[in-house]
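What follows is each chain in one-letter form.
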Amino acid sequence: MRQLHVVKHPLVQHKLTLMRQEVRSTQGFRRLLNEVGMLLAYEVTRDLPLEQVEIETPLAPMKAPRLAGKKLVFAPILRAGVGFLDGMLDLVPSARVAHIGLYRDPQTLQAVEYYFKAPPDVAERLVIVLDPMLATANSAVAAVDRLKERGCRELRLVCLLAAPEGVERFHGTHPDVPIWTAAVDERLNEHGYIVPGLGDAGDRMFGTR
Ligand code: PRP
Ligand code: URA
């Protein structure tokens with residue numbers, strides 16, 4: 001059941017390296033996150049089912065493939081997950097969006113929910129949860145718990161960087177939810193940050209601290 005896809009695409013790896021560098025403007029970081037979002041959307045949708053339909057080209061009728069199966073919902077975890085959203089929606093413009101507002105309590109590292117808004121038919125859709133950072137996994141676990149409470153059965157998680165501890169904890173709780181990430185780093189530090197990581201993704205994206 002547990003599936004971990006590490007996306008080794010050279011463009012993804014190159015952009016991740018640029019994002020890890022401390023000397024990177026807020027604007028540059030945000031643009032890179034958006035670009036990587038688009039590339040990861042390509043990877044996470046790679047196995048979506050197709051059906052053959054009859055169409056007319058300007059020259060002849062033919063059978064051609066088109067997307068079939070469940071429609072998509074992108075579910076960014078606020079704030080940093082929003083950084084992936086535009087790139088993903090560029091590739092799948094018909095997708096709906098569920099916003100999940102969570103922050104990590106700095107002392108306990110537990111996820112605290114402050115917002116949740118999902119499309120009414122979210123349970124009938126394939127839900128792709130977006131969060132660049134999978135550290136302790138408390139946020140991703142809470143987001144998937146919440147979506148499952150709403151009846152969602154088919155979910156995927158896309159992140160940029162994961163800690164081994166986060167992958168273990170996430171799949172310990174939700175083994176049915178596959179993960180796509182660009183890298184699995186060494187470890188978490190005593191503050192729950194991914195090392196070597198890239199720092200605080202939300203702060204770097206929005207220029208806060
Ligand atoms: C960060 C990050 C993830 C979470 C990951 O969010 O964007 O959502 O931490 O850590 P975890 O796996 O240990 O839960 P944060 O709570 O800092 O909020 P922000 O995105 O609003 O900055
Ligand atoms: N959240 C981040 O943004 N970065 C980390 O390394 C851990 C949690």
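Residues numbered from 1 in each chain as written. Chains lettered and ligands numbered in written order. Predicted model: local features only at pLDDT ≥ 70, side-chain atom pairs only at ≥ 80, totals over all residues.

Draft legend 1. Just the UniProt feature "binding site: uracil" (unreviewed entry) in the protein, in detail. Residues annotated by UniProt as "binding site: uracil" (unreviewed entry) correspond here to Ile194, Gly199, Asp200 and Ala201. Looking at where Gly199 falls in the secondary structure, it is placed in the loop between strand S15 (194-195) and helix H6 (201-206). With respect to the secondary-structure elements, Asp200 resides in the loop between S15 and H6. (UniProt positions renumbered as here; feature names shortened; annotations may be inferred. Helix = DSSP H or I, 4+ residues; strand = E, 2+ residues; numbered from the N terminus.)

Draft legend 2. Local environment of the site of ligand 2. Around ligand 2, a shell composed of Ala80, Met133, Ala135, Gly192, Tyr193, Ile194, Gly197, Asp200, Ala201 and Gly202 is seen. Per-class residue counts for the shell around ligand 2 are 6 nonpolar, 3 polar and 1 charged. (Near = placed C-beta within 6 Å. Nonpolar A, V, L, I, M, F, W, Y, C, P; charged D, E, K, R; others polar.)

Draft legend 3. Representation of the site of ligand 1 within the structure. Around ligand 1 sit 22 residues, and of these Ala80, Ala135, Thr136, Ser139 and Gly202 come closest. Broken down by secondary-structure element, the contributors of at least two residues to the shell around ligand 1 are strand S4 (72-78), strand S6 (99-104), strand S9 (133-134), helix H4 (138-149) and H6. Counting residues per element, the shell around ligand 1 draws most heavily on H4, at 3 residues. Among the residues forming the shell around ligand 1, the class breakdown is 12 nonpolar, 6 polar and 4 charged.

Draft legend 4. Quick look at the sheet that holds strand S13 (residues 183-184). Spatial ordering of the open sheet is given by S9-S11-S13, a layout of 3 strands whose pairing is parallel. Each edge of the open sheet carries a strand with a single partner, namely S9 and S13. Relative to strand S11 (residues 161-162), S9 runs parallel, the two sharing 2 bridges. Looking across to S11, one finds that Met133 is bridged to Leu161. (Pairing = 2+ DSSP bridges.)

Draft legend 5. Summary view of unusual backbone geometry. The omega torsion of the bond from Leu78 to Arg79 falls at 0°, within 30 degrees of zero and hence cis. Tracing the sequence through the fold places Arg79 in the loop between S4 and helix H3 (82-91). With omega at 0°, the peptide bond leading from Val195 into Pro196 counts as cis. You will see that Leu109, though not glycine, has its phi angle at about 65°, which is positive. Within the fold, Leu109 resides in the loop between S6 and strand S7 (111-117).

Draft legend 6. Representation of the UniProt feature "domain: Phosphoribosyltransferase" (unreviewed entry) in the protein within the structure. Within this structure's numbering, the places UniProt gives as "domain: Phosphoribosyltransferase" (unreviewed entry) are residues 6-208. Secondary structure content for residues 6-208 is 33% helix and 29% strand, and the end C-alpha separation is 29 Å.

Draft legend 7. Spotlight on the environment of Gly69. Note on placement: Gly69 falls in the loop between strand S3 (61-67) and S4. As a C-alpha pair, Gly69 and Leu50 span 19 residues in sequence and 7.6 Å in three-dimensional space. Apart from residues lying up to four places away in sequence, Gly69 is in contact with Leu48 and Pro49. (Contact = placed C-beta atoms within 7 Å.)

Draft legend 8. Summary view of the packing of helix H2 (residues 26-44) against H3. Here H2 crosses H3 at 45°, and the two axes come no closer than 7 Å. Comparing the axis directions of H2 and H3 gives the class oblique. Crossing hand, H2 versus H3: right-handed. For the pair H2 and H3, contact is made by Arg30, Leu33, Asn34, Glu35, Gly37, Met38, Leu40, Ala41 and Tyr42 and by Gly83, Phe84, Leu85, Asp86, Gly87, Met88, Asp90 and Leu91, respectively. Within the contact of H2 with H3, the residues separate by chemical class into 9 nonpolar, 4 polar and 4 charged. (Axes fitted to C-alpha atoms, helices over the stretch in contact; angles between N-to-C directions. Parallel < 35°, antiparallel > 145°, perpendicular 65-115°, else oblique. Left-handed = near helix turned anticlockwise from the far one by under 90°.)

Draft legend 9. Expanded view of the nonpolar core. Of all hydrophobic cores here, the largest spans 58 residues; its most connected members are Ala75, Val129 and Leu130. Among the elements that take part in this core, H2 stands out by supplying 7 residues, more than any other. Among all residues touching Val129, those that are not within four sequence positions of it are Ala75, Ile77, Ala140, Ala143, Val144, Leu155 and Leu157. (Core = buried A, V, L, I, M, F, W, Y, C linked by C-beta atoms within 7 Å. Buried ≥ 20, exposed ≤ 12 C-beta atoms within 10 Å, placed from the backbone.)

Draft legend 10. Expanded view of the pairing of S7. Both S6 and S7 contribute to a ladder of 6 bridges, which runs antiparallel. What sits directly across from His99, in S7, is Lys117. The hairpin formed by S6 and S7 contains 6 residues between the paired strands, and Leu109 there has a positive phi angle of roughly 65°.

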